[in-house]
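Listed below are the residues making up each chain.
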Amino acid sequence: MRKSFILLLVILFAIPGMAQKINDAYRLNIKRASSPVLIDGVVDEQAWADAEVAKDFYMILPMDTSYAEVKTDVMMTYDEDRIYLLVINYHGENDPYYVESLRRDFSFGKNDNFLLFMDTFDDQTNGFSFGANAAGAQWDGIMYGGGSIDLSWDNKWVSKVQNYADKWIFEASIPFKSIRYKKGIKEWGINFSRNDLRSTEKSSWAPVPRQFPSASLAYTGILVWDEAPPEPGMNVSVIPYVMGGMVKDNVRELPSDYQNRVGVDAKIAISSSLNLDLTVNPDFSQVEVDQQITNLDRFELFYPERRQFFLENGDLFSSFGYETIRPFFSRRIGLNAPIQFGARLSGKINKDWRIGAMNMQTGEVGETNTPGQNYSVLAGQRRIGQRSNIGAIFVNRTNIGALPTGGDNPGDPIASYNRNAGLEYNLASSNGKWAGKAFFLKSFSPLKSNESAVHAANIRYLGGNLIWEWKHEYVAPNYLAEVGYVPRNGYYRINPNASYLFFPKSKLILHHGPTINTSLFYDMEMEQTDNITELSYGIRFRSQSILTAKYAYNNIVLQRPFDPTNYSQFTLDAYTEHQWNSFGMEYISKPQSLFTYTLTSQYGGYFADGERFNIAGQLGYRFQPYVGLSITGNYNKIDLPEPWGNTKFWLVGPRVDVTFTNTLFFTAFGQYNEQINNINLNTRFQWRFKPASDLYLVYTDNYIPAPFYVKNRTLALKFTYWWSL
């Protein structure tokens, strides 16, 4: 296993990373505006008449060998404070447009939309994305990893969409203060993406091969400035909030707790590419409740971070490692104790170096005998070649104040600290076809110090038809990441996977092909504990609907007692072996329809020679662009020997989304989870009265289904204002 790790390291470093930028010939000149620009979706300013036009987009899907049939024209200009963007999205005379709603950060594949991708450091790795759908809903996100976008990021900018018989026009104004960029640089990476559902065509200005997302920064063209973008000057934003609310906990029979809180966030630009975030007494009551999931897994589930403070340059901290080996996971902070204050410095110090430093302090909680905690994280990345990098991270959690006692013997201290240190190499070839990662982690704790390391590596090839990957992991038995997400310890894992796509000359099918994925787990003595092999065959139609057939083989030796229903108090014994096969189907309907649906099913064996039948799906109907109705359902029927017998449970979640305008939103949804015997009701009203300034009213109830007893209830009214100095 260690020999394969060394071999992967050699391959990763051997793949060349230096090459001329692929789309270097695609250049759009941007010059200072010759007249004032009013953001109204009307092309009547002299500045637009004088601007250079990016046109003749290339098709990405369904084929990537010709110009797009749907025409798009893009113009850009700027003044001392803002970048301006004008996009003319042509379509057939009186053809309808397709959108979900006016809610921001829409689903790309379910909306007619236009997106802008800006590589403001010209490093083909990090940047910003802005856009809109055909109804005027905004999209903004921070880009990382060469083509990934975190849509939780939110900032100040304005836009307007106007619809005409043969086109829709998108006009936007993006303040220089809302983005980060390298000082003095006169060339940015840039690309534009258009998604048109009527023609099922995705296109871009600088050509992108169909196996890559249009957001791939390896395939950006170049935005050429007539002079270096102006320095934004003093760039300080103060974002205070006022919150009033009530919490009622009937489970613990506590009286109503009326809360009144005041806090503030601040964003201070140390330079045009380095930012300092500060927070005092933060409140996250406006963050939308997580969507519940039926959990039949042996390990902890992952839920993404949604809190704004942790998002900008968040990949520096949160993307270190793999999805199931994260030394830092920000949701651990403030999970069981309120955050008192925090600071975070992150960004670029030059073209090659990114740095991040974070410190957060939580308060003491007397009810649970939890001391105050201090969390510190240091991270850095050094670019290697054109798009690869070497990174390092250090994570520290330290108790502040008196410690409770516990442990194996009376008087033993609970761990006063937990630390993690790691190094990582990320490979990204210049053409995006080769990617990989290799990393090493070590944890330090007064309770677990030996056998506490991790090493893992993978290499992935993304060709036009063939995609394959080799991946392996080692996590020592005593590796401990208290501020991370590592649901499983004490194993080796080998995970090869591959898929092949056929692109037929068909008016019905876009592509089809098989995928195979195998996960083999071994214990510390190299005895196999898990063999999970999945084989699927998928068909993607030109209408964008998808049909997939699946087969799975499982052979699992439990390493600890496990309840196969996650519902009863009975468990299977550790070191018992279980083997079964299962079959499944999935269908996702075409996104153009007002009525959309997804249906998945699975039937086959289960633990203890049992059987499991699962059917899940989502139904949706939209009265575009104002109202969206949907309901999700998940039904499980598990047949096991005694003492479990037959177990059946539902997870059902109806939802109503009302978008009165692109600044006024209302959401109401319920979640009935029979597995945890809970009904959750949540309503959320948001009024964005100014860019990035909001009024929220959030109401949440949790019930025991029968006799419909209220467990807890929360009401919060929050006002937040983004004040730029």
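Q: Looking at this structure, how should I read the overall build of the protein chain?
A: Of regular secondary structure, the protein chain possesses 3 helices and 40 strands. The C-alpha atoms of the protein chain give a radius of gyration of 26 Å, which matches the 27 Å a tight globule of 725 residues would have. Principal axes of the C-alpha set define a box for the protein chain whose edges measure 80 × 60 × 55 Å. Counting only residues that meet the buried cut, the protein chain has 52% of its 725 residues in that class.

Q: Would you explain the pattern of salt bridges in this entry?
A: Side-chain pairs of opposite charge can arise whenever the charged atoms involved come near each other. Across all of its chains, the model carries 29 salt bridges by this definition. Measuring nitrogen to oxygen at the nearest pair gives 3.3 Å for the salt bridge that ties Asp-657 to Arg-103. Within this pair, whereas Asp-657 is found in strand β35 (residues 646-661), its partner Arg-103 is found in the loop between β5 (82-90) and β6 (113-119), the two being separated by 554 residues in sequence. Of the residues examined, Asp-657 reaches a relative accessible area of 15% and is grouped as buried. Here Arg-713 makes a salt bridge to Asp-701, at a shortest N to O gap of 2.6 Å. Here Asp-701 lies in strand β38 (residues 693-704) and Arg-713 lies in strand β39 (residues 709-720), a separation of 12 residues in the sequence. For Arg-713, a relative accessible area of 26% gives the class partly exposed. A cluster of three or more residues bridged by salt bridges with shared partners is formed by Arg-104, Asp-140, Asp-154, Arg-688 and Asp-694.

Q: Is there a simple way to think about the pairing of strand β17 (residues 274-280) in this case?
A: The side chains of a regular strand alternate between the sheet's two faces. Sheet analysis places strand β16 (residues 257-269) next to β17, joined by 6 bridges and oriented antiparallel. Directly across from Ile-268, in β17, lies its bridge partner Leu-276. Between β16 and the antiparallel strand that follows it, β17, lie 4 residues. Judged from the 7 bridges that link them, β17 and strand β18 (residues 339-348) form a sheet pairing that is antiparallel. Across the sheet, Val-280 pairs through a bridge with Phe-341, a residue of β18.

Q: Which parts of the structure should I look at to understand the environment of Pro-477?
A: Looking at where Pro-477 falls in the secondary structure, it is placed in the loop between β25 (466-475) and β26 (491-494). Look at Pro-477 and you get partly exposed, because its relative accessible area is 30%. The spacing of Pro-477 and Met-524 is 47 residues in sequence and 8.2 Å in space, taken between C-alpha atoms. Those residues within four positions of Pro-477 in sequence are excluded, and the remaining contacts are Glu-451, Asn-489, Gly-490 and Met-524.

Q: Got a minute to help me understand the nonpolar core in this structure?
A: One broad rule of soluble globular proteins: the nonpolar side chains tend to lie buried together. Counting residues in hydrophobic clusters, the biggest one holds 40 residues, and the most contacted among them are Leu-85, Phe-114, Phe-170 and Phe-192. Those elements that provide at least two residues to this core are β1 (27-32), β4 (72-78), β5, β6, β7 (127-133), β11 (167-175), β12 (187-196) and β14 (221-225). Ranked by size, the runner-up nonpolar core spans 28 residues in total, among them Phe-328, Val-454, Val-475 and Phe-521.

Q: I tried to follow the environment of Ser-568 on my own but got confused; where do I start?
A: As for its position among the elements, Ser-568 is in the loop between β30 (546-557) and β31 (577-588). A residue is classified by how much of its surface remains accessible, and Ser-568, at 23% relative accessible area, is partly exposed. Between the C-alpha atoms of Ser-568 and Ser-273, which are 295 residues apart in sequence, the distance is 53 Å. What Ser-568 contacts, discounting residues up to four positions off in sequence, is Asp-563 and Trp-644. At 3.3 Å, the side chain of Ser-568 forms a polar contact with the backbone nitrogen of Phe-570.

Q: What is the right way to look at the pairing of β12 in this model?
A: The element β12 is extensively covered by neighbouring structure, given that 9 of its 10 residues are classed as buried. Alignment of β12 against β14, held across 4 bridges, turns out to be antiparallel. Paired with Ile-190 across the two strands is Gly-221, which belongs to β14. What sits between β12 and strand β13 (residues 201-204) in their antiparallel hairpin is a turn of 4 residues, with Thr-200 showing a positive phi close to 50 degrees.

Q: Explain the confidence of the model for the protein chain here, please?
A: A low pLDDT means the predicted coordinates there should not be read in detail. Mean pLDDT for the protein chain: 89, with 93% of residues reaching 70 or above. Low pLDDT, under 50, characterises residues 405-413; the stretch is placed with 9 contacts to residues that sit more than four places away or in other chains.

Q: It is not clear to me how the side chain of Ser-173 should be interpreted in this structure. Could you clarify?
A: In this fold, Ser-173 is placed in strand β11. Not counting residues within four places of it along the chain, the set of residues in contact with Ser-173 comprises Ile-39, Arg-82, Ile-83, Tyr-84, Trp-157 and Val-158.

Q: I tried to follow unusual backbone geometry on my own but got confused; where do I start?
A: One can expect most non-glycine residues to show negative phi and most peptide bonds to be in trans. Note the cis peptide between Gln-624 and Pro-625, where omega equals 0 degrees. Its place among the elements puts Pro-625 in the loop between β33 (610-623) and β34 (627-639). The residue after Glu-642, namely Pro-643, is reached through a cis peptide bond having omega 15 degrees. Residue placement: Pro-643 occurs in the loop between β34 and β35. At Asp-56, a residue that is not glycine, the phi angle is positive and equals roughly 55 degrees.

Q: It is not clear to me how the environment of Gly-610 should be interpreted in this structure. Could you clarify?
A: Checked against the element boundaries, Gly-610 lands in strand β33. Taking C-alpha positions, Gly-610 is 42 Å from Arg-419, a pair spaced 191 residues apart along the chain.

Q: Help me understand a nonpolar patch on the surface in this model?
A: Taken together, the side chains of Leu-594, Phe-595, Tyr-597, Leu-619, Tyr-621, Phe-623, Leu-629, Ile-631 and Val-656 present a nonpolar region at the surface, about 740 Å² in accessible area. Contributing elements (two or more residues each) for the nonpolar patch: β32 (595-606), β33 and β34. The dominant element in the nonpolar patch, judged by the number of residues it contributes, is β33, at 3 residues.

Q: Got a minute to help me understand the packing of aromatic side chains in this structure?
A: Where two aromatic rings form a pair, the distance of their centres and the angle of their planes describe that pair. Per the stated rule, a full pass over the model turns up 38 aromatic pairs. Relative to Trp-225, the ring of Tyr-78 has its centre 5.0 Å away and its plane inclined at 65 degrees; by these criteria the two rings are edge-to-face. Here Tyr-78 is found in strand β4, whereas its partner Trp-225 is found in strand β14, with 147 residues between them in sequence. Each member of the pair, Tyr-78 as well as Trp-225, carries the same accessibility label: buried. Where Phe-130 meets Trp-153, the ring centres are 6.1 Å apart and the plane angle is 75 degrees; that geometry is what we call edge-to-face.

Q: I tried to follow the side chain of Asn-458 on my own but got confused; where do I start?
A: With respect to the helices and strands, Asn-458 occurs in strand β24 (residues 453-462). At a separation of 2.8 Å, a polar atom in the side chain of Asn-458 contacts the side chain of Tyr-322.

Rules and cut-offs
- Residues numbered from 1 in each chain as written.
- Predicted model: local features only at pLDDT ≥ 70, side-chain atom pairs only at ≥ 80, totals over all residues.
- Heavy atoms only, no water.
- Helix = DSSP H or I, 4+ residues; strand = E, 2+ residues; numbered from the N terminus.
- Rg over C-alpha atoms; globule rule 2.2 N^0.38 Å.
- Buried < 20%, exposed > 50% of the residue type's maximum accessible area, 1.4 Å probe, protein only.
- Salt bridge = Lys/Arg side-chain N within 4 Å of Asp/Glu carboxyl O.
- Pairing = 2+ DSSP bridges.
- Contact = heavy atoms within 4.5 Å.
- Core = buried A, V, L, I, M, F, W, Y, C linked by side-chain atoms within 4.5 Å.
- Polar contact = N/O pair within 3.5 Å; in protein donor to acceptor, adjacent residues only side chain to side chain.
- pLDDT = per-residue confidence, 0-100.
- Patch = residues over 30% accessible without salt bridge, like charges linked within 9 Å, V, L, I, M, F, W, Y side chains within 5 Å.
- Areas by Shrake-Rupley, 256 points an atom, 1.4 Å probe, with all protein chains shown as cover.
- Phe/Tyr/Trp six-rings, centres within 6.5 Å; stacked < 30°, edge-to-face > 60°.

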